[in-house]
2 protein chains.
Amino acid sequence: MAMATVENGVNVQALLDAREVLKSAPQAAAFTWRATCEWKKGTHSRTSVQKFFGLGEEQQHKAASSFDADHPEIFASEDNGITPVEYLLVGLASCLTAGIAAVAQNRGIQLRSVESTVEGRMDIRGILGVDSDVRNGYDDIKVRFKIDADASKKEIEALVAQSQKRSAVYDAITNPVNVTVEVV
Amino acid sequence: MAMATVENGVNVQALLDAREVLKSAPQAAAFTWRATCEWKKGTHSRTSVQKFFGLGEEQQHKAASSFDADHPEIFASEDNGITPVEYLLVGLASCLTAGIAAVAQNRGIQLRSVESTVEGRMDIRGILGVDSDVRNGYDDIKVRFKIDADASKKEIEALVAQSQKRSAVYDAITNPVNVTVEVV
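Residues numbered from 1 in each chain as written. Chains lettered and ligands numbered in written order. Predicted model: local features only at pLDDT ≥ 70, side-chain atom pairs only at ≥ 80, totals over all residues. Heavy atoms only, no water.

1. What to know about the confidence of the model for chain A
Part 1 of the argument: Mean pLDDT over chain A stands at 95; residues scoring 70 or higher make up 98%.
Part 2 of the argument: Reported confidence for the predicted complex is 0.97 by ipTM and 0.97 by pTM. (pLDDT = per-residue confidence, 0-100.)

Here it is in structure tokens:
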């Protein structure tokens, strides 16, 4: 079988096994992802990520990561990092890309390269409070994939569609998520 | 006036000026934020951010930034970066934090520290396809701010509420955004 030689680096068997285990132990599927953010100065902040909860216990990434966010110089800021809205694009592109690799492995399709560009259009009159009819967030986001794989155009399109169907970030952005903000 | 001594590092006058300019030149408010993503191996990808479009022309951050995303070892991945869903938490925390600093400056409130924790709950049976009634994305996200400022608890709560009201990321996560994905 050609499938035996396909190697995209995703351990699909482990994911299929996890699926079976979680069918009878749904409480283990409850994850909590976390971040802590510290204001630096002006619009500059630094957010750290390492610990999370899942499979019934505390977990952590191998390394602690931290991310600077700021506004650009054209907003009279110091541009000490990318903007908060750009982090959404990072999440969206990386989620769809990981999904494509996992689905390709599961379908026996060898990937050679997967590249994408994401563009999010936003009217900044919203956040500046110029016009209350203009939303604060993105008007729309376009993702374009360029994929080189051992598969037909139709199979590649089906890969991308399946990744989209199972993407946590795609869901969180296209559908409403309940967010509560409190001061302690 | 006490306001004259408040210094949170946000140039509010520039933002107020921008608001006036954009009232008569709304086309300059059309921004496009961009990211490009490259699959590395398995669920690992690297997303780069530098250029964007706004104020009628191409712009760029002072520096190019790149962000690794991956799945953790408990998902049989290599944990070469935080997960895509965690990037949403980075965006949310940093957006609300920048907003708090800007609103505080505008209201003459001196901030000493702004810290937050963000927790997003997710049932991974969604992305694993165990149960089609379980959504892929977050069930809910909680943000908790701890703020030390020269203001009453009520004023601090009002700061946070106003930041939330004008936050691009809060809007993009709590309300639907149209996302199109295509293969070129």
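The structure having been displayed, the exposition proceeds.
2. So, the side chain of Ser163 of chain B
Residues and elements named next belong to chain B.
Part 1 of the argument: With respect to the helices and strands, Ser163 occurs in helix H3 (residues 153-165).
Part 2 of the argument: For Ser163, a relative accessible area of 3% gives the class buried.
Part 3 of the argument: Ignoring anything within four residues of it in the chain, the contact list for Ser163 reads Cys95, Leu96, Gly99, Ile100 and Val103. (Helix = DSSP H or I, 4+ residues; strand = E, 2+ residues; numbered from the N terminus. Buried < 20%, exposed > 50% of the residue type's maximum accessible area, 1.4 Å probe, protein only. Contact = heavy atoms within 4.5 Å.)

3. Notes on the interface of chain A and chain B
Part 1 of the argument: Counting residues at the interface gives 120 residues for chain A and 120 residues for chain B.
Part 2 of the argument: Carbon and sulfur atoms make up 65% of the surface buried where chain A meets chain B, a total of about 10,800 Å² over both sides.
Part 3 of the argument: Taken together, the links from chain A to chain B amount to 6 salt bridges.
Part 4 of the argument: Among the ionic pairs, Glu182 of chain A bridges to Arg144 of chain B, the shortest N-O distance being 3.3 Å.
Part 5 of the argument: Counting across the chain A and chain B interface gives 56 residue pairs in polar contact (both at pLDDT 80 or more).
Part 6 of the argument: A per-element tally of the side of chain A that touches chain B places helix H2 (residues 84-106) of chain A first, with 16 residues.
Part 7 of the argument: Residue classes in the side of chain A that touches chain B are distributed as 60 nonpolar, 32 polar and 28 charged.
Part 8 of the argument: Strand direction decides the pairing type here: strand E1 (residues 30-41) of chain A and strand E4 (residues 111-123) of chain B, joined by 9 bridges, are antiparallel. Pairing of Thr36 of chain A across the sheet is with Thr117 of chain B, part of E4 of chain B. (Buried area = accessible area lost by both parts, 1.4 Å probe. Salt bridge = Lys/Arg side-chain N within 4 Å of Asp/Glu carboxyl O. Polar contact = N/O pair within 3.5 Å; in protein donor to acceptor, adjacent residues only side chain to side chain. Nonpolar A, V, L, I, M, F, W, Y, C, P; charged D, E, K, R; others polar. Pairing = 2+ DSSP bridges.)

4. Examining the packing of aromatic side chains
Part 1 of the argument: Per the stated rule, a full pass over the model turns up 14 aromatic pairs over all chains.
Part 2 of the argument: Geometrically, the ring pair formed by Phe75 of chain A and Phe31 of chain B is tilted, given 5.5 Å between the ring centres and 50 degrees between the ring planes. Of the two residues, Phe75 of chain A is situated in the loop between strand E3 (57-69) and H2 and Phe31 of chain B in strand E1 (residues 30-41); the pairing between them involves two chains. The two residues Phe75 of chain A and Phe31 of chain B agree in class, both being buried.
Part 3 of the argument: Taking the centre distance of 6.4 Å and the plane angle of 20 degrees together, the rings of Phe31 of chain B and Phe52 of chain B count as stacked. Highlighted residues: Phe31 of chain B in strand E1 and Phe52 of chain B in strand E2 (residues 44-54), separated in sequence by 21 residues. (Phe/Tyr/Trp six-rings, centres within 6.5 Å; stacked < 30°, edge-to-face > 60°.)

5. What to know about the sheet that holds strand E6 (residues 178-183) of chain A
Part 1 of the argument: Pairing within the open sheet is mixed, and its 6 strands lie in the order E3(A)-E2(A)-E1(A)-E4(B)-E5(B)-E6(A). Two strands in the sheet have a free side with no partner beyond their single neighbour: E3 and E6 of chain A. The sheet shows a mean angle of 15 degrees between the axes of neighbouring strands, direction not considered.
Part 2 of the argument: Pairing analysis gives 6 bridges linking E6 of chain A to strand E5 (residues 140-149) of chain B, with the strands arranged parallel. Residue pairing across strands places Glu182 of chain A opposite Arg144 of chain B, the latter belonging to E5 of chain B.
Part 3 of the argument: The strands touched by helix H2 (residues 84-106) of chain B within the sheet are E1, strand E2 (44-54), E3 and E6 of chain A together with E4 and E5 of chain B, with E4 of chain B carrying the most contacts at an inclination of about 150 degrees. (Axes fitted to C-alpha atoms, helices over the stretch in contact; angles between N-to-C directions.)

6. Overview of the pairing of E1 of chain A
All names here are of chain A.
Part 1 of the argument: As judged from the 7 bridges shared by E1 and E2, these two strands associate in the antiparallel manner. Each residue of the ladder has a partner; that of Trp39, found in E2, is Ser45.
Part 2 of the argument: Where E1 folds back on E2, the antiparallel hairpin that results is connected by 2 residues, among which Gly42 adopts a positive phi of roughly 60 degrees.

7. With respect to the sheet that holds strand E3 (residues 57-69) of chain B
In a beta sheet, neighbouring strands pair by backbone hydrogen bonds and run either parallel or antiparallel.
Part 1 of the argument: Pairing within the open sheet is mixed, and its 6 strands lie in the order E3(B)-E2(B)-E1(B)-E4(A)-E5(A)-E6(B). Of all the strands in the sheet, the pair left with one neighbour each is E3 and strand E6 (178-183) of chain B. Ignoring which end each strand starts from, the neighbouring axes of this sheet average 15 degrees apart.
Part 2 of the argument: For strand E4 (residues 111-123) of chain A and strand E5 (residues 140-149) of chain A, the ladder comprises 10 bridges, and the chain directions are antiparallel. Note that in E5 of chain A the partner of Val114 of chain A across the bridge is Ile147 of chain A.
Part 3 of the argument: Along the sheet face, H2 of chain A touches E4 and E5 of chain A together with E1, E2, E3 and E6 of chain B and points at about 150 degrees away from the line of E4 of chain A.

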